[in-house]
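Descriptive structure summary
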Amino acid sequence: MLTDVQLSKLRWRCRRGFLENDLVLERLLKARGHAFTDVEHDQLCSLLALDDNDLWDIIAGRSSAFPEGTSDMVQTLRSTLTTH
Amino acid sequence: MAQTIHKYDAVVVGAGGAGMRCSLQLAKAGLRVAVLSKVFPTRSHTVAAQGGIGASLGNMDEDNWHYHFYDTVKGSDWLGDQDAIEFMCREAPKVVYELEHMGMPFDRNPDGTIYQRPFGGHSANYGEKPVPRACAAADRTGHAMLHTLYQNNVRNKTQFFVEWMALDLIRDSEGDCVGVTALEMETGEVAIFHAKCVLLATGGAGRIFAASTNAFINTGDGLGMAARAGIPLEDMEFWQFHPTGVHNAGVLLTEGCRGEGAILRNKNGERFMERYAPKLKDLAPRDFISRCMDQEIKEGRGCGPNGDYIQLDLTHLGGETIMKRLPSVHEIGKNFANVDVIKEPIPVVPTIHYQMGGIPTNIHGQVVVPKNGNPNTIVNGLYAIGEASCVSVHGANRLGTNSLLDLLVFGRAAGNHLVETALGSKAHKSLPADAADYSLSRVAVLDNSSGGEYPQDVANDLRKTMQLHAGVFRTQASMDEGVEKVIAIDERAKHLSLKDKSKVFNTARIEALEVANLMEAAKATMVSAAARKESRGAHTVDDYGDTPEHPLGRNDQEWMKHSLWYSEGNRLDYKPVNLKPLTVESIPPVKRTF
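This text gives an overview of the structure that appears in the document. It should be emphasised that the depicted structure is a prediction, and the values quoted were computed from it without experimental measurement. (Residues numbered from 1 in each chain as written. Chains lettered and ligands numbered in written order. Predicted model: local features only at pLDDT ≥ 70, side-chain atom pairs only at ≥ 80, totals over all residues.)

**Digging into the overall build of chain B**
- Counting its regular elements, chain B contains 16 helices and 20 strands.
- In terms of C-alpha radius of gyration, chain B reaches 23 Å, essentially the compact-globule figure of 25 Å for 594 residues.
- Expressed as lengths along the three principal axes of its C-alpha atoms, the size of chain B is roughly 70 × 55 × 50 Å.
- Looking at chain B residue by residue over its 594 residues, the buried ones come to 61%.
- Long-range pairs, those at least 24 residues apart, make up 75% of the contacts in chain B between residues at least 6 apart in sequence. (Helix = DSSP H or I, 4+ residues; strand = E, 2+ residues; numbered from the N terminus. Rg over C-alpha atoms; globule rule 2.2 N^0.38 Å. Buried ≥ 20, exposed ≤ 12 C-beta atoms within 10 Å, placed from the backbone. Contact = placed C-beta atoms within 7 Å.)

**Some thoughts on the overall build of chain A**
- What chain A contains, in helices and strands, is five helices and zero strands.
- Counting from the amino terminus, chain A carries its helices and strands in the arrangement α-α-α-α-α.
- Taking 84 residues into account, the globule formula puts the C-alpha radius of gyration at 12 Å, and chain A, at 12 Å, falls close to it.
- Over its C-alpha atoms, taken along the principal directions, chain A stretches across nearly 35 × 25 × 20 Å.
- Across the 84 residues that make up chain A, the buried fraction comes to 39%.
- Look at the contacts in chain A between residues 6 or more apart in sequence, and 58% of them connect residues 24 or more apart.

**Comments concerning the nonpolar core**
All names here are of chain B.
- In this structure, Ala-10, Val-11, Val-198 and Leu-199 are the most contacted members of the largest nonpolar core, which totals 205 residues.
- Per-element accounting of this core gives the leading share, 15 residues, to helix H15 (residues 507-531).
- Excluding residues that lie within four positions of it along the chain, Leu-199 makes contacts with Ala-10, Val-12, Val-13, Cys-22, Tyr-383, Ile-385 and Ala-414. (Core = buried A, V, L, I, M, F, W, Y, C linked by C-beta atoms within 7 Å.)

**Comments concerning the interface of chain B and chain A**
- Contact with chain B, which involves 26 residues of that partner, is made by 20 residues of chain A.
- When residues in the side of chain B that touches chain A are grouped by element, the largest group, three residues, is from helix H10 (residues 327-336) of chain B.
- The class makeup of the residues in the side of chain B that touches chain A is 11 nonpolar, 11 polar and four charged. (Nonpolar A, V, L, I, M, F, W, Y, C, P; charged D, E, K, R; others polar.)

**What about the sheet that holds strand E14 (residues 346-355) of chain B?**
Residues and elements named next belong to chain B.
- Here we have four strands laid out as an open sheet, ordered E11-E14-E13-E12, and antiparallel in their pairing. Each edge of the open sheet is held by one strand with a lone partner, namely strand E11 (239-246) and strand E12 (263-265). If you compare each strand with its neighbour and ignore which way they point, the axes differ by 45° on average.
- Examined bridge by bridge, strand E13 (residues 310-313) and E14 share three bridges and lie antiparallel to one another. Each residue of the ladder has a partner; that of Ile-310, found in E14, is Val-348.
- Of the strands in this sheet, E11, E12, E13 and E14 are in contact with helix H8 (residues 286-298), which crosses E11 at around 60°. (Pairing = 2+ DSSP bridges. Axes fitted to C-alpha atoms, helices over the stretch in contact; angles between N-to-C directions.)

**Concerning H10 of chain B**
- The buried count for H10 of chain B comes to eight of 10 residues, which makes it a mostly enclosed element.
- Taken together, the buried positions of H10 of chain B are occupied by Ser-328, Val-329, His-330, Glu-331, Ile-332, Gly-333, Asn-335 and Phe-336 of chain B.
- On its buried face, H10 of chain B is in contact with helix H2 (19-32) and helix H5 (71-82) of chain A together with E11, helix H6 (256-259), helix H9 (319-325) and E14 of chain B.
- Asn-338 of chain B sits one or two residues past H10 of chain B and shows a positive phi near 55°.

**With respect to helix H11 (residues 402-420) of chain B**
All names here are of chain B.
- Helix length check: H11, at 19 residues, gives a terminal C-alpha distance of 26 Å against a target of 27 Å (1.5 Å per residue), a fit within 8%.
- Counting buried positions along H11 yields 16 of 19 residues, so the element is predominantly enclosed.
- After H11 finishes, the residue Ala-422 shows a positive phi value of roughly 55°. (Expected span 1.5 Å × (residues − 1).)

**Overview of the pairing of strand E8 (residues 177-184) of chain B**
Residues and elements named next belong to chain B.
- The buried count for E8 comes to seven of eight residues, which makes it a mostly enclosed element.
- From the end of strand E7 (residues 164-171) to the start of E8, which pair antiparallel, there are five residues, and Gly-175 there has a positive phi angle of about 90°.
- Both E8 and strand E9 (residues 190-200) contribute to a ladder of five bridges, which runs antiparallel. Bridging across to E9, Ala-182 finds its partner in Ala-191.

**Describing the sheet that holds strand E4 (residues 116-124) of chain B**
Residue and element names in this part refer to chain B.
- Read across the sheet, three strands follow the order E3-E5-E4 without closing on themselves; strand pairing throughout is antiparallel. Only two strands of the sheet have a single neighbouring strand rather than two, namely strand E3 (53-54) and E4.
- Two elements, E4 and strand E5 (residues 129-135), share five bridges in a ladder whose sense is antiparallel. Across the sheet, residue Pro-118 finds its bridge partner in E5, namely Pro-132.

**Considering the packing of H2 of chain A against helix H4 (residues 52-59) of chain A**
All names here are of chain A.
- With their axes 10 Å apart at the nearest point, H2 and H4 run at an angle of 55° to one another. If you check the angle between H2 and H4, you find them oblique. Viewed along their axes, H2 and H4 form a crossing whose handedness is left-handed. Residues Glu-20, Asn-21 and Val-24 of H2 touch H4, and the partners they reach there are Asp-52, Leu-55, Trp-56 and Ile-59.
- Grouping the constituent residues of the contact of H2 with H4 by class yields four nonpolar, one polar and two charged. (Parallel < 35°, antiparallel > 145°, perpendicular 65-115°, else oblique. Left-handed = near helix turned anticlockwise from the far one by under 90°.)

Everything listed here is a matter of coordinates, which is why it stays silent on function.
Okay, here's the thing in structure tokens:
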């Protein structure tokens, strides 16, 4: 389980430059945020350090240039995206 | 506890395109510049701009700045100031070439010149035919621009303060701006930035509406800061609806779609824009197209089971063109509408996109207010640029590609003005003894709160109210009702309560501070809209329809003037539109048809 500060930082860093990323990350946090493991947290932090378009390319499945060790979180994000 | 004081020549609030274009100009001149940003600079909302930068380079077809000037004046529905519009259109090629020389990866023609695509409202020979004027980097123009500017800023030693939220302007007893207070998210502490000038480049407040293409960070922070400091907000009733927001998601499909040839169709498959705009068709300006779409839906020709959207058809462009020129449109269709745009049309509706109004400025970016009979008295030490400002080049409606142009031209102009006025050699004015007290008291109210509502609940009610009463379809009665509702929500917003009272990265506290800014932007919008008894540009009111005396509901005799809304007393003032360009003849008002 994440600490309150970890979760708060994560929530803030899910505020992005464009709406597509905001919407997907909001869906993810709503569904899973409170239950993230430390590993999931670290993976998501690595992905959030990317630029918005690079992150969006990965989430949308257009790019596989994601940071090493983040493939599980990428899959989670991709399935979050397609869950309408 | 004494606050930490940071001292700089200039403090720029906001690290989007306008802020970073300005900070670059200042840093290159050797000034000490701090840029405060809620998020990492390259994650500012400028990154979302897809279409391009309007400039009459004439690389594809004959073009010149005066055609661009004419289109922008007409697009503004004669609410734009013609001196500012001339300045912007003349400067446009220069700022594009400068960006090119900084390393911006523009799309190219085979001969190496910058590729340009057509965009809504941009024409050659004064409305005769569409002209390719948009300079783009695929459909990631904003992204490329932010990276170019950020890298150049780093090279020139601009100091970035990331994950800092600016709270309030500091004005001295003479009314001059001498700094800004800001909250560092990591510590939760409030600090003072003491500066010779402050530049507000915080973007728009698009999150006051429920259906918006804007990112969640667009909470109008600069507008709130200005309004609380006694500075009026100009023309806030004018909000642009982008015609092609994805139905039920809000995600934007770039106007570049229609530039590349996409067509809007009603439920009968009819290309209905041919009826409304025989010359420009699907490339008519955004407000005009949005109203036509609304009209089609209202008259029963909307698509889908509820008849509540329009179809955007790209299928005839072919997969190769779509994947080459509009790859993100393909992705958005797949992920937010379950549609493959290569094979089928995508449902779209007009969605809130851009704030035409903002903090009043002159062409140097200096904030101006009415004082002693002069409607444009300069506030010393305070500038505003980009979407946060109202210079006013967009008037009642902005043309596509003029937003990136606006922030480049006026970000650069503000920087140049400060350099030319020898900011570096000036002394800092003294800080007032109570410089941080107001901000600290606002934060303390939240920290000591109990029994009130949570920020997000109030913000959501505000968004729903604004959508209902200040949306694309406006009536006088609905706007009047909206004013009452927004004032009631404002009372609730004064008594917000936080569950979490911690300091370190307390996002609830930050969101509560954002709600205060949203409230100022929403009140300005609702009150200014209800007071304007005409239809003009994006402000289209059912009560003020097309008559011989007032074509398309526009009443130049009484309403060709800028609204100025003051937070104190929730009151309005007005100032005249500047119809006199800098060097050329004025474009006289005529009925706006396409």
